[in-house]
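Summary of the model geometry
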Amino acid sequence: MDGPGPLGDFLRARRARLRPEDVGLRDLGPRRRVAGLRREELAQLAGVSVSYYTRLEQGMSRGASAEVLDAIARALLLDDHERDHLGRLAGIARHKPRARRPRPEKLHDETRDLLRTIEAPALVLGRRSDILAWNGLGHALLAGHLDFHAPADPARRPNIGRMLFLDPHNRELYVDWKRKIRAVVGNLRITVGRHPDDPLLAELIGELTMKSPEFVALWGDHRVQPCDAAAYELHHPVVGTVTVTQQTLSIARSPDQLLIVCTTPAGSADAQALALLRQAGSCLVVHGDRVAVRVGEGERAAERPVERFRDDGDVRRDQPVV
């Protein structure tokens, strides 16, 4: 086994996060040369030998029992999500699966039908955070600058990770972009723990590592964070500032796929903004900080800032904004 592997990396990162005073230890020794707890301190807290814990962290031992893992989790002050992640990594170290080239992910017709019936902005993500499908409003809200039909082609599918780290549009879309990317990386960590030998997932991690220093910093922290429900303020190029709650729902017949629905409080200004975006439909095209409106066979650029469009009230198809 080359290197400590995911289990050793995770244990080292969590150990470096803790200070002696966090776990009730007094630091009476010489100046510490490394951040966080020493291996011997962690082993003492977990009730295991230093040599055993060192082998575990270095990837030289694959037989950790549930009791030992539980003791280490307590010593590291892991939360429930991190405990689950530790258990998955330990299981992978014991039974390393054979790597296979995965088939392109497919969307069940029933899931597509469900997506079509949802009026709120919605999209379906695959296990690598590839966008497998979106409804019209989900596309207009989160990625109107991309081809609506791209998710249908596995070779062109947008990926949430690539969009957030490598696409300037998405960096500008999220007002608190750093909070959003932390959530995406935390969830990606969980995915890697579940599918450590997925070559397409490894390619994604490698690409983001090469192209985004922000990703490198977050990935090295080894934090795990499942996506559930979180409110995000968006600076949309058409309707201006709008806050939506992105709710993540599991799909029973496709365990690796997630349905993301963006909701707003009924009757709120944010709900009105989405209604306006829905009404505008496909007649609008975003060009940087300007809006183009389809008129006949061509496009005519709006001559007012897009932030004012939200105040203009009614929008009719094939009518220019001038």
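For the structure itself, consult the block above.
About the cut-offs
Residues numbered from 1 in each chain as written. Predicted model: local features only at pLDDT ≥ 70, side-chain atom pairs only at ≥ 80, totals over all residues. Heavy atoms only, no water. Helix = DSSP H or I, 4+ residues; strand = E, 2+ residues; numbered from the N terminus. Buried < 20%, exposed > 50% of the residue type's maximum accessible area, 1.4 Å probe, protein only. Contact = heavy atoms within 4.5 Å. Areas by Shrake-Rupley, 256 points an atom, 1.4 Å probe, with all protein chains shown as cover. Pairing = 2+ DSSP bridges. Axes fitted to C-alpha atoms, helices over the stretch in contact; angles between N-to-C directions. 1 Å grid on protein atoms, 1.4 Å probe; cavity = no way out; pocket = protein on both sides within 12 Å on 5 of 7 lines; lining within 4 Å. Points joined across faces, edges and corners; volume = space filled by probe spheres on them. Expected span 1.5 Å × (residues − 1). Left-handed = near helix turned anticlockwise from the far one by under 90°. Phe/Tyr/Trp six-rings, centres within 6.5 Å; stacked < 30°, edge-to-face > 60°. Lys NZ or Arg CZ within 6 Å of the ring centre and 35° of its normal. Polar contact = N/O pair within 3.5 Å; in protein donor to acceptor, adjacent residues only side chain to side chain.

**A word on the overall build of the chain**
Looking only at helices and strands, the chain has 13 helices and eight strands in total. Here the chain, with 322 residues, has 45% of them falling under the buried criterion. The contacts in the chain between residues at least 6 apart in sequence include a share of 56% that link residues at least 24 apart. Carbon and sulfur atoms make up 51% of the accessible area of the chain, which totals about 17,200 Å².

**With respect to the sheet that holds strand 2 (residues 131-134)**
Pairing is antiparallel in the open sheet, where five strands are placed in the order 2-1-5-4-3. Sheet topology places strand 2 and strand 3 (229-236) at the edges, where each strand pairs with a single neighbour. Across the sheet, the axes of successive neighbouring strands diverge by a mean angle of 25°, strand direction being ignored. By the bridge criterion, seven bridges tie strand 4 (residues 240-251) to strand 5 (residues 254-263) in an arrangement that is antiparallel. Bridge assignment links Ser-250 to a residue of strand 5, and that residue is Leu-258. On top of the sheet, helix 7 (residues 136-143) reaches strand 1 (122-125), strand 2, strand 3, strand 4 and strand 5; it is set at about 65° to strand 3, its chief contact. Against the sheet, helix 10 (residues 177-194) contacts strand 3 and strand 4, and its axis sits at roughly 135° relative to strand 3.

**Quick look at the pairing of strand 4**
Summarising the sheet, strand 3 and strand 4 pair through eight bridges and their orientation is antiparallel. Counted as the bridge partner of Ala-229 is Gln-247 from strand 4. Joining the antiparallel neighbours strand 3 and strand 4 is a turn of three residues. Connecting strand 4 to the next strand, strand 5, in antiparallel fashion are two residues.

**As for the layout of surface pockets**
As a volume, the largest pocket reaches approximately 770 Å³. Along the walls of the largest pocket sit 38 residues, with Leu-125, Asn-187, Cys-227, Thr-248 and Leu-258 positioned nearest its centre. A per-element tally of the lining of the largest pocket places helix 10 first, with nine residues.

**Description of helix 10**
Since the α-helix packs 3.6 residues into each turn, any two residues three or four apart lie on the same face. Taking 1.5 Å as the rise per residue, helix 10 with 18 residues should run 26 Å; its terminal C-alpha atoms sit 26 Å apart, in good agreement. Of all 18 residues that make up helix 10, 14 are buried, and the element is covered over most of its length.

**Focus on the packing of helix 10 against helix 11 (residues 199-211)**
Between helix 10 and helix 11, whose axes approach to 10 Å, the crossing angle comes to 145°. As for the relative orientation of helix 10 and helix 11, their crossing is left-handed in sense. Residue-level inspection shows Leu-188, Thr-191 and Val-192 of helix 10 in contact with helix 11, the latter providing Leu-201, Leu-204 and Ile-205.

**Describing helix 2 (residues 39-46)**
For helix 2, the set of buried residues is Glu-41, Leu-42, Ala-43 and Ala-46. Buried positions along helix 2 lie against helix 1 (5-17), helix 3 (50-57) and helix 4 (66-75).

**Re the packing of aromatic side chains**
Applying the stated rule across the entire model yields four aromatic pairs. Look at Phe-165 and Trp-177: their rings are 6.3 Å apart centre to centre, the planes differ by 70°, and that puts the pair in the edge-to-face class. In this pair, Phe-165 is assigned in helix 8 (residues 160-166) and Trp-177 in helix 10, connecting sequence segments twelve residues apart. By the burial criterion, Phe-165 is buried, and Trp-177 matches it. Aromatic ring contacts, followed pair by pair, group Phe-165, Trp-177, Phe-215 and Trp-219 into a single cluster. In this structure, Arg-171 is placed above the aromatic ring of Trp-177, and the distance from its NZ or CZ to the ring centre is 3.9 Å. Positioned above the aromatic ring of Trp-219 is the side chain of Arg-189, whose terminal nitrogen or guanidinium carbon lies 3.7 Å from the ring centre.

**A word on the environment of Gln-225**
Structurally, the position occupied by Gln-225 is in the loop between helix 12 (213-219) and strand 3. Classification of Gln-225 as partly exposed rests on a relative accessible area of 38%. For the pair formed by Gln-225 and Glu-82, sequence separation is 143 residues and the distance between their alpha carbons is 8.2 Å.

**Focus: the side chain of His-195**
Secondary-structure assignment places His-195 in the loop between helix 10 and helix 11. We classify His-195 as buried; its relative accessible area is 16%. A distance of 3.3 Å separates polar atoms of two side chains, one belonging to His-195 and the other to Arg-127.

Keep in mind that these numbers describe shape and distance, not what the molecule does.
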